[in-house]
Amino acid sequence: MSRSAVWHPFTQHATEPAAPLIARTEGAYVETADGKRILDAISSWWVITHGHRHPKIVEAIRNATETLDQVIFAGLTHEPAEQLASALVEMAPAGLDWVFYSDSGSTSVEVALKMALGFHRNNGDARTRLVVMEHSYHGDTIGTMSVGARGVFNAAYDPLLFEVDTIPFPAPGREQETLDRFEALTRDGKAAALIVEPLVLGAGGMLMYPAQRLTELKQIAERSGTLLIADEVMTGWGRTGTMFACEQAGVSPDILCTSKGLTGGSMPLAATLATEAIFQAHLSTDRAKTFFHSSSYTANPIACAAALANVALWRDEPVAERVAALSRMQADKLARFRNDERFENLRTAGTISALDLRVGKAGYLAEVGPKLRAFFLERDLLVRPLGNVIYVLPPYCVTSGELDRLYDAVDEAAELAGGGG
């Protein structure tokens, strides 16, 4: 085979081995061209919920191609988008009455940021500052990098990024510091919005915080007239144990971003949900107040059909029970490392589990990271540790036995990696 011309994401081609060629996917597995079945323990970057190629979602995609392909969404509409919008409004936290489509998690957040700034501008309110949480990650476009943590991910692009205000991550013992800082940043009436990943900060290290902190942040936002943007791109669709993580805090955000599990992971699609007030701020006979955003593939009909099939699975099958069962399994199986000195900071949030391997040099660029990836792949396990942070985020169809095999490998990997030193 000739040298590949593909430039892979988040891949240092100077040090990484050639990527295995995946020829087939099914259930909790991806299969290579030579027949090796690899357990997808990270849901292919957190997108696959029910399992790869769920028959009902595949059927919906196939059927949609019989009647529709891409249709311009400025001035036209179609039934899959209309039905999906109605379903999302019904499923989302109360008050999110409008749905704006895009095609990825990053774009859904870009849309949210623009909605927030447009809301204040169109209402004659001079609020332009965005508040973010320490260690957060919201995507790799310019706006989303700007509201994410600054570091190795975006250092080269710093000249492109705009300034934001940051509140501390509400780690144990720092909760009040987080709340006080946010309250202080809202006093001058310049804060347009606070954007957070509810309950779990994904790429920042699977950092987790209690629902009560989110409740308190929302209360401060409401008192100060600051919008709350919930980035539920990763945390939505059952990942944290409920349909959306905000539910656990009893919070209805002003804007909610969803993608990844929206189609069950089968196709790229995203949606940004907003309140009536935000829509009304853009509704005017003054065309200058139009919400100026689009992408070529906005509301792709085939992707919307896939999402509708996903919604039907949540409605017609015991998906919530599967999520609850997986959440219990994750907590039970992680407990084997509770008193293991090779690990620290064991944590779970619904179907997500994570633990930190004790190493001399921690962080995303920890040398142990690539070694761990290779170790797991040799054992037919797809795991991508965030440096020394090992996390397990599988499809909901994974079995107890498959998780046992995975956690056995985590145990073995710690020995090979010299965990504890």
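First things first, this report covers the structure right here in the doc.

Reading the values: rules and limits
- Residues numbered from 1 in each chain as written.
- Predicted model: local features only at pLDDT ≥ 70, side-chain atom pairs only at ≥ 80, totals over all residues.
- Heavy atoms only, no water.
- Buried < 20%, exposed > 50% of the residue type's maximum accessible area, 1.4 Å probe, protein only.
- Helix = DSSP H or I, 4+ residues; strand = E, 2+ residues; numbered from the N terminus.
- Pairing = 2+ DSSP bridges.
- Core = buried A, V, L, I, M, F, W, Y, C linked by side-chain atoms within 4.5 Å.
- Expected span 1.5 Å × (residues − 1).
- Lys, Arg positive; Asp, Glu negative; His and termini not counted.
- Salt bridge = Lys/Arg side-chain N within 4 Å of Asp/Glu carboxyl O.
- Polar contact = N/O pair within 3.5 Å; in protein donor to acceptor, adjacent residues only side chain to side chain.
- Axes fitted to C-alpha atoms, helices over the stretch in contact; angles between N-to-C directions.
- Parallel < 35°, antiparallel > 145°, perpendicular 65-115°, else oblique.
- Left-handed = near helix turned anticlockwise from the far one by under 90°.
- Contact = heavy atoms within 4.5 Å.
- Nonpolar A, V, L, I, M, F, W, Y, C, P; charged D, E, K, R; others polar.
- Phe/Tyr/Trp six-rings, centres within 6.5 Å; stacked < 30°, edge-to-face > 60°.

1. Points about the pairing of strand 11 (residues 255-258)
Both faces of strand 11 are covered, namely the face carrying Ile255 and Cys257 and the face carrying Leu256 and Thr258. Relative to strand 12 (residues 270-275), strand 11 is paired through 4 bridges, and the arrangement is antiparallel. Counted as the bridge partner of leucine 256 is leucine 273 from strand 12.

2. Remarks on the sheet that holds strand 3 (residues 37-40)
To summarise the sheet geometry, strands pair through backbone hydrogen bonds and adopt either a parallel or an antiparallel arrangement. Reading across from one edge, 1-2-3-15 is the order of the 4 strands in this open sheet, with mixed pairing throughout. On the outer flanks of this sheet lie strand 1 (22-26) and strand 15 (381-382), each paired with one strand and no other. Bridge count between strand 2 (residues 29-32) and strand 3: 3 bridges; the pairing is antiparallel. Bridge assignment links valine 30 to a residue of strand 3, and that residue is isoleucine 38.

3. Concerning the nonpolar core
Counting 53 residues, the largest nonpolar core has Leu84, Tyr101, Trp237, Leu269, Phe343, Phe376 and Ile390 as its most contacted members. If one sorts the elements of this core by residue count, helix 12 (residues 400-416) sits on top with 7 residues. Core analysis: the second largest hydrophobic core is formed by 40 residues, Val200, Leu201, Ala211 and Ile352 among them.

4. So, helix 4 (residues 105-122)
Spanning 18 residues, helix 4 covers 25 Å between terminal C-alpha atoms, matching the ideal 26 Å at 1.5 Å per step. Positioned one or two residues after helix 4, glycine 124 has a phi angle of 75°, which is positive.

5. Focus on the side chain of glutamate 197
As for its position among the elements, glutamate 197 is in the loop between strand 7 (191-196) and strand 8 (200-201). An unpaired buried charge is present at glutamate 197: no salt bridge exists, and lysine 260, the closest side chain of opposite charge, is 9.4 Å distant. Separated by 3.0 Å, the side chain of glutamate 197 and the backbone nitrogen of tyrosine 137 make a polar contact.

6. Considerations on the packing of helix 6 (residues 175-186) against helix 7 (residues 211-224)
In the contact formed by helix 6 and helix 7, the axes pass within 10 Å of each other and the chain directions differ by 15°. Considering their axes alone, helix 6 and helix 7 lie roughly parallel with respect to each other. Every pair of crossing elements has a handedness; the one defined by helix 6 and helix 7 is right-handed. The residues of helix 7 that touch helix 6, namely those facing Glu175, Thr178, Leu179, Phe182, Glu183 and Thr186, are Arg213, Glu216, Leu217, Ile220, Ala221 and Ser224. Partitioning the contact of helix 6 with helix 7 into residue classes produces 5 nonpolar, 3 polar and 4 charged.

7. What to know about the side chain of serine 146
In this structure, serine 146 sits in helix 5 (residues 142-146). Here the side chain of serine 146 touches isoleucine 142 through a polar contact of 2.9 Å, landing on its backbone oxygen. Among residues more than four places away in sequence, those in contact with serine 146 are Leu161, Phe162 and Val164.

8. What about the pairing of strand 1?
Where strand 1 and strand 2 come together, 4 bridges link them in antiparallel fashion. In the strand pairing of strand 2, threonine 25 is matched with valine 30.

9. Looking at the sheet that holds strand 16 (residues 389-392)
If you trace the 3 strands from one edge of the open sheet to the other, you get 13-14-16, paired in antiparallel fashion. One side of each edge strand has no neighbouring strand; the edge strands of this open sheet are strand 13 (343-349) and strand 16. Here the average twist between neighbouring strands, direction ignored, is 15°.

10. Section: the packing of aromatic side chains
Taken as a whole, this structure holds 14 aromatic pairs when the rule is applied. With a centroid separation of 6.4 Å and an interplanar angle of 40°, the aromatic rings of phenylalanine 337 and tyrosine 407 are classed as tilted. Highlighted residues: phenylalanine 337 in the loop between helix 10 (319-334) and strand 13 and tyrosine 407 in helix 12, separated in sequence by 70 residues. An identical accessibility class is assigned to phenylalanine 337 and tyrosine 407; each is buried. Connected via pairs of aromatic rings, a cluster forms that spans Phe10, Trp45, Tyr137, Phe153 and Tyr364.

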